[in-house]
Amino acid sequence: MNQHLSDRINELPVSATLAMAAKARELKQQGKDIISLSLGEPDFNTPDFIKEAAVQAINDNYNSYTPVDGYADLKEAIITKFQRDNGLSYAPSQIVVSTGAKQSIANVAMVLLNPGDEVLLPAPYWVSYSAIATLAEATFTEIPSTIETDFKISPAQLEAAISPKTKMVFFNSPNNPSGSAYTEAEYRALAAVLEKHPGIYVLSDEIYEHINYGQPTFSFAAIESMYDRTITVNGVAKAFAMTGWRIGYIGAPAWIARACNKIQGQITSGANCIAQRATITALTAPVSKIQYMVDAFRQRRDLVLSLLREIDGFSLNTPGGAFYLFPNISAFFGKEIAGIPIQNASDFSMFLLEHAHVATVTGDAFGAPDCIRISYAASEAQLREAVDRIKQALSR
Ligand code: GLU
């Protein structure tokens, strides 16, 4: 808190995922052997065919400002991708490329929300949703879910949460942090509720769409009655191991895309030229080219699930996608481990960091205070070692 800073920034919470990653990095620099399962980031390198496209773009002198909403041929590639993977038809005027899906989400919040508008957040939800809504001077209401319902909300819960101030709902499937994926039928049942409330917009964050384990993912905008009020957010970070390249995009009604273009033009301008050229190559490649990463994530999910299920006090569902486990660890609350009192998920996560040297993220950050998030986007050896350390620390 600094009195010279704006209220806006003083009141903004730091990103818990990034804060934990920074803390793990700092401890590593001090020489501590930390296994970081905090950040949601593939441990793979960007595939060579994408890197080669970037090198080519540098040699071809792609170095000037880019169009604010993205290169025309990248927008065409995104349109083809939306049609191919999601059955969604968009025109170029409906696409905006941004510096990461996070910026896409912030753009949408800034252009649609007025002070006092309310955003509904099915919980658990990604840490930055609530912060972005707050930055847009909106309020947010969590719709809780538990492991018993596979961390999904019901249509009745959605209906009950809607108020005259509700302007938007944020959906995210497969979900960060729970890994749960809504089925088409589940999404249609939620859409049936929203059909009765024409003033509510949906932000559908589909950044984990390709990281799913069998069940095909379903785009909310594919529901005809929702198309005109859904903003589909996606990007290349997770599926193509391109987190640092920072390219996200939206497909949206043209008037919303136009507004996002306008705000982006005042804040960042167009996204990085080289990363955009590489993204064309990523998105036009057959999805089978990245299947090896998805297969590895699935094996790791199964491995960590089976290992963690051996630990008393960890309650787990079987996530259908993404690369996170979200165990309910409330069985430890009110207990002491190695003389350290555990009152909540933050205490537990901190205990794991300090006594097992394993970095996780507390569920509080995701609106689910009984859980912690474990990212299994790490090598099998690291994952085995991490669970071993957790077991040992808990048995003290
Ligand atoms: N989305 C990733 C995560 O949840 C990256 C960090 C962030 O932007 O929050 O860990």
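As shown above, the structure is provided for reference.
This write-up is about the structure you can find in this document. (Residues numbered from 1 in each chain as written. Predicted model: local features only at pLDDT ≥ 70, side-chain atom pairs only at ≥ 80, totals over all residues. Heavy atoms only, no water.)

**With respect to the site of the ligand**
Heads up, the condition is: When we say a residue is near a molecule or strand, we mean one of its heavy atoms is within 4 Å of it. Identification of polar contacts relies on pairs of N or O atoms within 3.5 Å, with a donor-acceptor requirement for protein atoms, meaning one able to donate a hydrogen and the other able to accept it, and with residues adjacent in sequence counted only if both atoms are side-chain atoms. Shrake-Rupley sampling with a 1.4 Å probe provides the accessible areas, and residues are treated as covered by the protein chains on show and by no other component.
Surveying the vicinity of the ligand reveals the residues T17, L18, L39, G40, K102, W126, N176, K238, Y324 and R373. Side-chain polar atom of K102 to an oxygen atom of the ligand: 2.9 Å apart, as the coordinates give it. Look at the ligand: alone it shows 280 Å² of surface, and the protein chains cover 87% of it.

**Points about the nonpolar core**
Selection rule: The criterion is simple. A nonpolar core is a set of buried Ala, Val, Leu, Ile, Met, Phe, Trp, Tyr and Cys residues joined through side-chain atoms within 4.5 Å. Three exposure classes are used, based on accessible area relative to the maximum for each residue type with a 1.4 Å probe and protein chains only: buried under 20%, partly exposed in between, and exposed over 50%. Here a helix means four or more residues in a row that DSSP labels H or I, a strand means two or more in a row labelled E, and each is numbered from the N terminus. Pairs of residues are marked as contacts when any of their non-hydrogen atoms sit within 4.5 Å.
Within the largest apolar cluster, 118 residues are counted, with the highest numbers of intra-cluster contacts made by M168, I231, F240, L308, F314, F348 and L394. If you tally residues by element for this core, the top one is helix α11 (residues 291-308), at eight residues. Other than its neighbours up to four places away in sequence, F314 contacts L308, P327, N328, I329, F332, F348, I374, I390 and L394. Of all hydrophobic cores here, the second largest spans 20 residues; its members include I143, L158, F171 and I223.

**Section: the sheet that holds strand β2 (residues 95-98)**
The condition is simple: Strand pairing requires that DSSP identify at least two bridges connecting the strands. Each axis is a line fitted through C-alpha atoms, and for a helix only the stretch in contact is used; angles between axes span 0 to 180 degrees, taken between their N-to-C directions.
The strand order across the open sheet built from seven strands is β2-β8-β7-β6-β5-β3-β4, with neighbouring strands paired in mixed fashion. Edge positions in the open sheet fall to β2 and β4 (139-143), since each of these has one partner strand only. On average, adjacent strands in this sheet sit at an angle of 20° to one another, irrespective of strand direction. In this sheet, strand β7 (residues 230-235) lies alongside strand β6 (residues 201-205) in parallel orientation, the contact comprising four bridges. Residue pairing across strands places S204 opposite T232, the latter belonging to β7. Sheet strands in contact with helix α8 (residues 184-195) are β5 (166-172) and β6, and its direction is about 175° off that of β5.

**With respect to the packing of α11 against helix α13 (residues 380-394)**
Selection rule: The cut-offs work like this: below 35 degrees is roughly parallel, past 145 is roughly antiparallel, 65 to 115 is roughly perpendicular, and the gaps in between are oblique. Crossings are classed by handedness, with left-handed meaning an anticlockwise turn of the near helix from the far one by less than a right angle and right-handed meaning a clockwise turn. Classes in brief: Ala, Val, Leu, Ile, Met, Phe, Trp, Tyr, Cys and Pro nonpolar; Asp, Glu, Lys and Arg charged; the others, Gly included, polar.
Axis separation between α11 and α13 bottoms out at 10 Å; the angle between their running directions is 15°. Considering the angle they form, α11 stands roughly parallel to α13. Handedness of the crossing formed by α11 with α13: right-handed. Along its contact with α11, which presents Q299, R300, L303, V304, L307 and L308, the element α13 presents E380, L383, R384, V387 and K391. Of the residues that constitute the contact of α11 with α13, the class distribution is six nonpolar, one polar and four charged.

**Thoughts on the pattern of salt bridges**
Rules: Criterion for a salt bridge: a side-chain nitrogen of Lys or Arg within 4 Å of a carboxyl oxygen of Asp or Glu.
Inspection of the entire model under this criterion finds 17 salt bridges. One salt bridge in this structure joins K75 and D69, with 2.6 Å as the shortest N-O distance. The buried category is assigned to K75, whose relative accessible area is 8%. Between E310 and K391 there is a salt bridge whose closest N-O contact spans 2.9 Å. Within this pair, whereas E310 is found in the loop between α11 and β9 (324-325), its partner K391 is found in helix α13, the two being separated by 81 residues in sequence. Owing to a relative accessible area of 53%, E310 belongs among the exposed residues under this scheme. Within this structure, K81, R84, D85 and E209 form a network of salt bridges that share partners.

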